[in-house]
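Descriptive structure summary
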Amino acid sequence: GAAAAAARPPPRPLAAYLDERAASDDLTVPSRVTEKYWKWLDVVAPSSTRSECFTAGYGKTVYGGSVLASDAFLSARERDFVDAGGSGRVRLASPPPPGALRYFSPREIASLHGLGDDFALPSEVLTRRQLYFALGNSISVDVVSSLMRHLFDDAFF
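Residues numbered from 1 in each chain as written. Predicted model: local features only at pLDDT ≥ 70, side-chain atom pairs only at ≥ 80, totals over all residues. Heavy atoms only, no water.

A short note on the pattern of salt bridges
The condition that has to hold: The working definition used for a salt bridge is a side-chain nitrogen of Lys or Arg within 4 Å of a carboxyl oxygen of Asp or Glu.
Scanning all chains against the criterion turns up 3 salt bridges. For Arg 21, the salt bridge goes to Asp 19, with nearest N and O atoms at 2.9 Å. Across the salt bridge formed by Glu 108 and Arg 102, the nearest N and O atoms sit 2.8 Å from each other.

Describing helix H5 (residues 128–135)
We count it as follows: Burial here depends on accessible area, computed with a 1.4 Å probe over protein chains only, as a share of the maximum for the residue type. Under 20% is buried, over 50% is exposed, and the range in between is partly exposed. Helix and strand assignments follow DSSP, with helices taken as H or I runs no shorter than four residues and strands as E runs no shorter than two, numbered in order from the N terminus. An arc is given here, and it is the one of the directions from the helix axis to the C-beta atoms. The contact criterion used is simple: two residues touch if any of their non-hydrogen atoms lie within 4.5 Å.
Those residues of H5 not exposed but buried are Leu 131, Tyr 132 and Leu 135. The buried residues of H5 occupy one face: seen down the axis, they fall within an arc of 100 degrees. Seen from the buried face of H5, the exposed residues on the opposite side, beyond 90 degrees, are Phe 133 and Ala 134. Buried residues in H5 make contact with helix H4 (106–112). Immediately downstream of H5, the backbone of Asn 137 shows phi near 65 degrees, a positive value.

Some words on the nonpolar core
Put simply, the test is: For the purposes of this section, nonpolar cores are sets of buried Ala, Val, Leu, Ile, Met, Phe, Trp, Tyr and Cys residues that join through side-chain atoms within 4.5 Å.
In this structure, Val 43, Tyr 58, Val 67, Leu 101 and Phe 104 are the most contacted members of the largest nonpolar core, which totals 31 residues. For this core, the elements supplying multiple residues, two or more each, are strand S1 (43–44), strand S2 (67–69), helix H3 (71–76), strand S4 (90–92), H4 and H5. For Phe 104, the contacting residues outside a window of four places in its chain are Leu 14, Leu 18, Leu 27, Val 44, Phe 54, Tyr 58, Ser 66, Val 67, Leu 68, Ile 109, Leu 112 and Tyr 132.

With respect to the packing of aromatic side chains
The criterion, for reference: Planes of paired rings set the category: under 30 degrees apart is stacked, over 60 is edge-to-face and the rest tilted, where pairs are Phe, Tyr or Trp rings (Trp by its six-membered ring) whose centres lie within 6.5 Å.
Counting across every chain of the model gives 5 aromatic pairs. A centroid spacing of 5.5 Å and a plane angle of 85 degrees characterise the contact between Tyr 58 and Tyr 103, whose relative ring orientation is edge-to-face. A residue pair is termed long-range when its members are at least 10 positions apart, and Tyr 58 in the loop between S1 and S2 and Tyr 103 in the loop between strand S5 (101–102) and H4 qualify at 45 residues. The exposure class assigned to Tyr 58 is buried, which follows from its relative accessible area of 1%. Tyr 103 sits in the buried class, given a relative accessible area of 14%. Here a set of aromatic residues connected by ring pairs shows up, and it is made of Phe 54, Tyr 58, Tyr 103, Phe 104 and Tyr 132.

Here it is as structure tokens:
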């Protein structure tokens, strides 16, 4: 109840889940996508505490999950976006410049789902697209753990 909500730690910023090795050009959202679909992209920054659900269509459809912009990019263009509820998620008010947005890597999505660094992604066997598909629509380990604790606490006490 209220005690559990009060004991819940504050949400961690997305920066806690980001992999420095993932900030490569091959994760950049293509200009053809940002030019055509910028109005529908859910943009988050490393300081954001929320993102959209990552679906099996991530990277293939603009509705498949959030894309990442740098805090500096969002600060510089503050008047060019609409804050979506104070969580650091934004809706762009104009098309971003080329290279301003990137997709999350499969490792980052796995981390957001609560899968630790020791969880092996078969990246030498599966393509990035296949990894997105495998991770998409997954259930967060942390959420399931919390729900199970809540269910068992209520059932036995």
